[in-house]
Amino acid sequence: MLNYIFPEQASTYATRVDPFYYSLVTFSALVCVGIGGLLIYFSVRYRKIKGESRPSKPLHNMALELIWTLIPGMGAMIIFAWGALLYNDYATAPEGALEIDVVGKQWMWKVQHSNGMREVNDLHVPVGRPIKLTLTSQDVLHDYWIPAFRVKHDALPGKFTSLWFEATKTGEFHLFCAEYCGTEHSLMGGTVYVMKPEDYAQWLEGGPKAAPQEAGLFLFEQRGCATCHSGESGARGPNLVGVYGSTVTLKSGDEVVADEEYLRESIMRPALRVVDGFAPLMPSFSNQLTEEQVMDLITYIKSLSAEGEPE
Ligand code: CUA
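Owing to the predicted nature of the structure, the values given are computational and were not obtained by experimental measurement. (Residues numbered from 1 in each chain as written. Predicted model: local features only at pLDDT ≥ 70, side-chain atom pairs only at ≥ 80, totals over all residues. Heavy atoms only, no water.)

Colleague: Let's hear about the nonpolar core: which residues, and what values?
Modeller: Residues L123, L133, F149 and F165 are the most contacted members of the largest nonpolar core, which totals 38 residues. If we ignore the near neighbours within four places in the chain, the residues touching F165 are L123, V125, R129, P130, I131, L133, I146, F149 and V151. (Core = buried A, V, L, I, M, F, W, Y, C linked by side-chain atoms within 4.5 Å. Buried < 20%, exposed > 50% of the residue type's maximum accessible area, 1.4 Å probe, protein only. Contact = heavy atoms within 4.5 Å.)

Here it is in structure tokens:
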């Protein structure tokens, strides 16, 4: 019967989060029925009756107090620990996950794969491999939701967020926008196609594309990034080779890991967190680049790390 109410389990996370969910519902139902039942029972059993006197009212019972404090208290701690473990796994994509970029806009999901293959609304992924989606929005709040995988995350304008999953069976699954984003919100969705790895590889080669890395290099030259980020000593901007994933020291003395979000911020609002040893000369590129172009640039910067040059 549960199959009619709940979507099928099609990811590693689904089979882990569902037992937790059912336990939570059961625990809440027991507490609710227990308290409600006793409330009704006591109000009938000890109602006021004419002529009946109820002389000695016990005001305190240590054993009872301990029981009804400690048992639910332990239940709550178990739920906390279990939930925190699950959330921790949910929040951090495993190393080596396949990365796919997703941009939400009114009212479609634009997807770009690692080799530049693009698709709209649909999402093709291989089975049995962790997939990391980097999400952002071009306009308002959207929310990427794949019920069969039990994953759901906001896509925010001006920010990168991410979610990850590993599909466990091939097939087609619905995906939705789960944040009311305007008149056509309910149409903003599509299908996830989970394919065998060899089918995915074949699909990936199937369409027209411009590799984001090359598009990024083109922008890097065209927008003049290369002038300051030349990589030479005495350059006006930091050398970007190997910067992705490295720890950067800021002017303020703070340290920050140069992840996608920091790189994005450095392009859009460069004055916010300037690298130590450099002047805040760089102009802001917000309103000058589309979200896809920012993602292309970041893909290019990441490729500078992948080539294994010394940092
Ligand atoms: Cu996008 Cu709702």
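Colleague: Break down the packing of helix α2 (residues 12-45) against helix α3 (residues 62-91) for me, citing the residues and quoting the values.
Modeller: α3 packs onto α2 with a crossing angle of 160° between their chain directions and a minimal axis gap of 11 Å. Overall, the two elements α2 and α3 adopt an arrangement that is roughly antiparallel. Read as a crossing pair, α2 and α3 show a hand that is left-handed. Across the interface between the two elements, Y13, R16, V17, P19, F20, S23, L24 and F27 of α2 pack against P72, G75, I79, W82, G83, L86, D89 and Y90 of α3. (Axes fitted to C-alpha atoms, helices over the stretch in contact; angles between N-to-C directions. Helix = DSSP H or I, 4+ residues; strand = E, 2+ residues; numbered from the N terminus. Parallel < 35°, antiparallel > 145°, perpendicular 65-115°, else oblique. Left-handed = near helix turned anticlockwise from the far one by under 90°.)

Colleague: So what's going on with the sheet that holds strand β2 (residues 108-112)? Which residues, and what values?
Modeller: The sheet built from five strands is open, its strands ordered β3-β2-β1-β5-β8 with mixed pairing. The outermost strands of the open sheet, each flanked by one partner alone, are β3 (118-120) and β8 (161-165). In this sheet, adjacent strand axes meet at a mean angle of 25° when their direction is disregarded. Here strand β5 (residues 131-137) pairs with β8 via five bridges, running antiparallel. From the neighbouring strand, T134 faces β8, where its bridge partner is S162. (Pairing = 2+ DSSP bridges.)

Colleague: An account of the sheet that holds strand β9 (residues 171-177) is requested, with residue identities and associated values reported.
Modeller: Spatially, β4-β10-β9-β6-β7 is the arrangement adopted by the five strands of the open sheet, whose pairing is mixed. Of all the strands in the sheet, just β4 (123-126) and β7 (151-155) have a single pairing partner and so form its edges. Between one strand axis and the next, the sheet turns through 25° on average, direction left out of account. The pairing of strand β6 (residues 142-146) with β9 spans two bridges and is classified as antiparallel. Looking at the pairing, Y144 lines up with C177 of β9. Helix-sheet contacts for helix α4 (residues 197-204) involve β4 and β10 (189-195), and the interaxial angle to β4 is about 135°.

Colleague: An account of the side chain of D101 is requested, with residue identities and associated values reported.
Modeller: If you trace the backbone, D101 turns up in strand β1 (residues 98-105). In this structure, D101 is buried with no salt-bridge partner, the nearest side chain bearing the opposite charge being K302 at 6.0 Å. D101 has contacts with K110, V111, Q112, T134, M295 and T299, leaving out every residue within four places of it along the chain. (Lys, Arg positive; Asp, Glu negative; His and termini not counted. Salt bridge = Lys/Arg side-chain N within 4 Å of Asp/Glu carboxyl O.)

Colleague: Residue-level account of α2, with values.
Modeller: One full turn of an α-helix is made of 3.6 residues, so residues set three or four places apart face in the same direction. Its 34 residues give α2 an end-to-end C-alpha distance of 50 Å, which sits within 8% of 50 Å, the value for a rise of 1.5 Å per residue. Residues of α2 that are buried: Y13, A14, V17, D18 and F20. Elements that come into contact with the buried residues of α2 comprise α3. (Expected span 1.5 Å × (residues − 1).)

Colleague: How would you explain the pattern of salt bridges if you had to name every residue and give the values?
Modeller: Opposite charge on two side chains lets them pair, provided their charged atoms get close. Within the structure shown, the criterion is met by 11 salt bridges. Its salt-bridge partner being R16, residue D89 comes within 2.8 Å of it at the nearest N-O pair. A residue pair is termed long-range when its members are at least 10 positions apart, and D89 in helix α3 and R16 in helix α2 qualify at 73 residues. Overall, the relative accessible area of 32% leaves D89 in the partly exposed class. A relative accessible area of 37% means that R16 is categorised as partly exposed.

Colleague: How would you summarise helix α5 (residues 212-222) if you had to cite specific residues and measurements?
Modeller: Residues of α5 that are buried: P212, G216, L219 and F220. On an axial view of α5, the arc spanned by its buried residues comes to 105°, and they lie on one face. Away from its buried face, by an angle of more than 90 degrees, α5 presents the exposed residues E214 and F218. Just beyond α5, the residue with positive phi is G224, at close to 80°. (Arc of directions from axis to C-beta.)

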